[in-house]
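Report on the structure
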Amino acid sequence: QKEVEQNSGPLSVPEGAIASLNCTYSDRVSQSFFWYRQYSGKSPELIMSIYSNGDKEDGRFTAQLNKASQYVSLLIRDSQPSDSATYLCAVLIQGAQKLVFGQGTRLTINP
Amino acid sequence: ETGVTQTPRHLVMGMTNKKSLKCEQHLGHNAMYWYKQSAKKPLELMFVYNFKEQTENNSVPSRFSPECPNSSHLFLHLHTLQPEDSALYLCASSQDVGGEQFFGPGTRLTVL
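For clarity, every value in this text was computed on a predicted model and none was experimentally measured. (Residues numbered from 1 in each chain as written. Chains lettered and ligands numbered in written order. Predicted model: local features only at pLDDT ≥ 70, side-chain atom pairs only at ≥ 80, totals over all residues. Heavy atoms only, no water.)

This part is about the overall build of chain A. A tally of regular secondary structure across chain A gives zero helices and 11 strands. Scanning chain A from its N terminus toward the C terminus, one meets helices and strands in the order β-β-β-β-β-β-β-β-β-β-β. Here the C-alpha atoms of chain A give a radius of gyration of 13 Å, agreeing with the 13 Å that 2.2 N^0.38 yields for 111 residues. Along the first, second and third principal axes, the C-alpha atoms of chain A reach 45 × 30 × 20 Å. (Helix = DSSP H or I, 4+ residues; strand = E, 2+ residues; numbered from the N terminus. Rg over C-alpha atoms; globule rule 2.2 N^0.38 Å.)

Here we come to the interface of chain B and chain A. Tallying the contact residues gives 18 residues for chain B and 18 residues for chain A. Counting across the interface, chain B meets chain A through one salt bridge. Close ionic contact of K98 of chain A with E56 of chain B constitutes a salt bridge, the shortest N to O distance being 4.0 Å. Here chain B is connected to chain A by five residue pairs in polar contact (both at pLDDT 80 or more). Put simply, the parts of the chain that give the side of chain B that touches chain A at least two residues each are strand 4 (31-37), strand 9 (87-94) and strand 10 (102-103) of chain B. Considering only residue class, the side of chain B that touches chain A consists of 10 nonpolar, six polar and two charged. (Contact = heavy atoms within 4.5 Å. Salt bridge = Lys/Arg side-chain N within 4 Å of Asp/Glu carboxyl O. Polar contact = N/O pair within 3.5 Å; in protein donor to acceptor, adjacent residues only side chain to side chain. Nonpolar A, V, L, I, M, F, W, Y, C, P; charged D, E, K, R; others polar.)

Residue and element names in this part refer to chain A. Going through the model one piece at a time under the given rule, you end up with nine aromatic pairs over all chains. Summarising the aromatic geometry, the rings of Y25 and F33 are spaced 4.8 Å apart at their centres and angled 50 degrees between planes, so their arrangement reads as tilted. The residue whose ring lies beneath R60 is F61, and the NZ or CZ to ring-centre distance is 5.7 Å. (Phe/Tyr/Trp six-rings, centres within 6.5 Å; stacked < 30°, edge-to-face > 60°. Lys NZ or Arg CZ within 6 Å of the ring centre and 35° of its normal.)

Counting 25 residues, the largest nonpolar core has W35, V72, L74, I76 and Y87 of chain A as the members making the most contacts within it. Where this core is concerned, the elements lending two or more residues are strand 3 (19-25), strand 4 (33-38), strand 5 (45-50), strand 7 (61-66), strand 8 (71-76), strand 9 (85-93) and strand 11 (105-110) of chain A. Broken down by element, the residue count for this core peaks at five residues, all from strand 9 of chain A. Leave out the neighbours within four places in its chain, and L74 of chain A touches A19, S20, L21, W35, I47, M48, F61, T62, A63 and Y87 of chain A. Of all hydrophobic cores here, the second largest spans 22 residues; its members include M32, Y49, L78 and L81 of chain B. (Core = buried A, V, L, I, M, F, W, Y, C linked by side-chain atoms within 4.5 Å. Buried < 20%, exposed > 50% of the residue type's maximum accessible area, 1.4 Å probe, protein only.)

Turning next to the sheet that holds strand 1 (residues 4-7) of chain B. Residues and elements named next belong to chain B. Pairing within the open sheet is antiparallel, and its four strands lie in the order 1-3-8-7. Whereas interior strands pair on both sides, the edge strands pair on one side only; in this sheet they are strand 1 and strand 7 (64-70). Across the sheet, the mean angle separating the axes of adjacent strands is 20 degrees when strand polarity is ignored. (Pairing = 2+ DSSP bridges. Axes fitted to C-alpha atoms, helices over the stretch in contact; angles between N-to-C directions.)

Moving on to the sheet that holds strand 8 of chain A. All names here are of chain A. Strands sit in the order 1-3-8-7-6 across an open sheet of five strands; the sheet is antiparallel. On the outer flanks of this sheet lie strand 1 (4-5) and strand 6 (54-58), each paired with one strand and no other. In terms of strand pairing, strand 3 meets strand 8 through six bridges, oriented antiparallel. Bridged to T24 within strand 8 is Y71.

Here we take up the environment of P61 of chain B. The topology assignment puts P61 of chain B in the loop between strand 6 (53-57) and strand 7. Residues P61 of chain B and V48 of chain B, spaced 13 residues apart in sequence, show a C-alpha to C-alpha distance of 15 Å.

All names here are of chain B. Scanning the entire structure with this criterion turns up six salt bridges over all chains. The partner of D85 in a salt bridge is R63, and the shortest N-O contact between them spans 2.7 Å. In this pair, D85 is assigned in the loop between strand 8 (73-79) and strand 9 and R63 in the loop between strand 6 and strand 7, connecting sequence segments 22 residues apart. Residue classification places D85 among the buried positions, given a relative accessible area of 2%.

Moving on to the environment of N58 of chain B. Of note, N58 of chain B is situated in the loop between strand 6 and strand 7. A sequence separation of 14 residues divides N58 of chain B from E44 of chain B, and the C-alpha atoms of the two residues are 8.6 Å apart. In contact with N58 of chain B, not counting residues within four places along its chain, are K98 of chain A together with L45 and M46 of chain B. Only 2.9 Å separates the side chain of N58 of chain B from the backbone oxygen of L45 of chain B, close enough to count as a polar contact.

Put into structure tokens, the structure is as follows:
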């Protein structure tokens, strides 16, 4: 089982709709979770971090964490074409103190 | 100059060449990282430095040699690379190991 799993997509969402990106992880004791956005040809950019169960909102972005189900998600409300990118989920492996990345989900917002 | 910078942005080298990648962070962070990003594969952690001491070597071949002279600078020395080493090499930093990581723009490396 991969340490961090994401659906590679592509995920197509119409402009203005909600985009939902999902990630599962295998390390039960992980405490820190991150979402990065990576535009084609660019480096990853941190957009959200979440450490506690529940929802964390920042503008149009909401991160959701469920440690019991080992599941973290990112919701993007009112999707814009500029949100089209690959979204990387990253989980801090507690014992090793290293960040493990999923393979990323490619998101396309259609005007 | 802000954030994390990397030079060069693009590099083409032959298998017998020796080259170095440079990373500098202007964030006052204590931890720095090298990652490799190949097409269709997740980001792979290569090395971790905390307070300029190496704390992680993720089974990286010896043809990649890191150097961290201080908490702000990180180098990756390259020698006798293989074509499969062609990838985007990313540097990142965080306040402490385990914290939020911020990436530089990367060096696109092509090995001929």
